[in-house]
Amino acid sequence: MNFTNFADKHIVLLDGAMGTSIQALGLPDTVWNSYYGNSEILNLTAPDAIVGIHKGYLEAGCNVVETNTFGASRLVLAEFGLADKLAEINTHAIRLARKATDGMDNKFVALSVGPSSKLPTLGQISFDDMHAAYIEQIRVALNAGIDVIIIETCQDLLQVKSAVVAAMQACNELVKDVPIMVSVTVDESGKLLVGTDLTCVAKTLAGYPLFSLGLNCGFGPDKMIAP
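Trainee: Help me get a handle on the packing of aromatic side chains, residues and values and all.
Mentor: Remark: the centre distance and the inter-plane angle together describe each pair of aromatic rings, the angle taken between the planes. Counted according to the given criterion, the structure contains 4 aromatic pairs. Ring plane angle 85° and centroid distance 5.6 Å describe the contact between phenylalanine 3 and phenylalanine 108, whose orientation is recorded as edge-to-face. Remark: phenylalanine 108 occurs in strand E2 (residues 108–113) and phenylalanine 3 occurs in helix H1 (residues 3–9); sequence separation between them is 105 residues. Like phenylalanine 108, phenylalanine 3 is buried.

Listed below in structure tokens is the structure:
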């Protein structure tokens, strides 16, 4: 059963945070290979640790594990001198998630696509350059075999649009029917980092064929419920 068919008939539970799970492991400095702070390098240097995190979430009952690729676009990897390892890092991340789900029914692998460290609305990067970075990462992931694309922790509507357009284009090019999920991060006023409110986000993204639109990060669900 593919992800969409499963989701049509069941409540879907996603895993929890990858970054804090990695921090909780207290991994030795040696596994970071001088790239401390770049969690994605651990797909190559500490694969068992990443598989263990995935398995922990699966054993807790989640249906979807997100790959350790939140910062695995060229934009972020280049800041660590790892841009040339983009394909290797993303491919290995997907393999590790697949290894964790091996032998389990109705468990799916989602590509985690983070916001990067640059926001187009603030003039830190052009829309086209951001789109190019996203489509490169997503093409690699589609070829490696993923069930879902999750564009998460978004703080800028232009950033969201560049990632969604890149995902749609990559799926079309490679003839892959992979659902696209989006989640944005808001402050307690209900606005993105650049000041966009959720009504604008919902209306802007309504024309795109998204599987879901939600909220993540920042603070807990108790504060995300409107009074």
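Trainee: Before we move on, could you go through the sheet that holds strand E1 (residues 64–66) and cite the residues and values that matter?
Mentor: Taken in spatial order, the 5 strands make up an open sheet running E1-E2-E3-E4-E5, and their pairing is parallel. Of all strands in the sheet, those bounded by a partner on one side alone are E1 and strand E5 (212–215). Within this sheet the neighbouring strands show an average axis-to-axis angle of 25°, counted without direction. The pairing of E1 with E2 spans 3 bridges and is parallel. Bridged to valine 64 within E2 is phenylalanine 108. In the packing of helix H6 (residues 86–101) onto the sheet, contacts are made with E1 and E2, and the angle to E2 comes to roughly 150°. Of the strands in this sheet, strand E3 (148–154) and strand E4 (180–184) touch helix H8 (residues 157–173), which is tilted by about 170° from E3.

Trainee: Give me the packing of helix H7 (residues 127–144) against H8: which residues, what numbers.
Mentor: Their axes nearest at 8 Å, the elements H7 and H8 cross at an angle of 40°. As judged from the angle between their axes, H7 and H8 are oblique. Seen from above, H7 lies across H8 with right-handed handedness. Residues Phe127, Met130, His131, Tyr134, Ile135, Ile138, Arg139 and Leu142 of H7 pack against Leu158, Gln159, Lys161, Ser162, Ala163, Val165, Ala166, Ala167, Gln169, Ala170, Cys171 and Glu173 of H8. Residue composition of the contact of H7 with H8, by class: 13 nonpolar, 4 polar and 3 charged.

Trainee: Give me the lowdown on the pattern of salt bridges, citing residues and values where you can.
Mentor: Applying the stated criterion across every chain yields a total of 5 salt bridges. With a closest N to O distance of 3.4 Å, lysine 118 and glutamate 79 form a salt bridge. Taken as a pair, lysine 118 in the loop between E2 and H7 and glutamate 79 in the loop between helix H5 (74–77) and H6 lie far apart in primary sequence, 39 residues in all. Overall, lysine 118 belongs to the partly exposed group, its relative accessible area being 27%. The partly exposed category is assigned to glutamate 79, whose relative accessible area is 46%. For glutamate 173, the salt bridge identified is with arginine 139, shortest N-O distance 2.9 Å. With glutamate 173 in helix H8 and arginine 139 in helix H7, this pair connects stretches of sequence that are 34 residues apart. The partly exposed category is assigned to glutamate 173, whose relative accessible area is 38%. Taking the relative accessible area as the measure of exposure, arginine 139 reaches 32% and is therefore partly exposed.

The rules behind these values
Residues numbered from 1 in each chain as written. Predicted model: local features only at pLDDT ≥ 70, side-chain atom pairs only at ≥ 80, totals over all residues. Heavy atoms only, no water. Phe/Tyr/Trp six-rings, centres within 6.5 Å; stacked < 30°, edge-to-face > 60°. Helix = DSSP H or I, 4+ residues; strand = E, 2+ residues; numbered from the N terminus. Buried < 20%, exposed > 50% of the residue type's maximum accessible area, 1.4 Å probe, protein only. Pairing = 2+ DSSP bridges. Axes fitted to C-alpha atoms, helices over the stretch in contact; angles between N-to-C directions. Contact = heavy atoms within 4.5 Å. Parallel < 35°, antiparallel > 145°, perpendicular 65-115°, else oblique. Left-handed = near helix turned anticlockwise from the far one by under 90°. Nonpolar A, V, L, I, M, F, W, Y, C, P; charged D, E, K, R; others polar. Salt bridge = Lys/Arg side-chain N within 4 Å of Asp/Glu carboxyl O.

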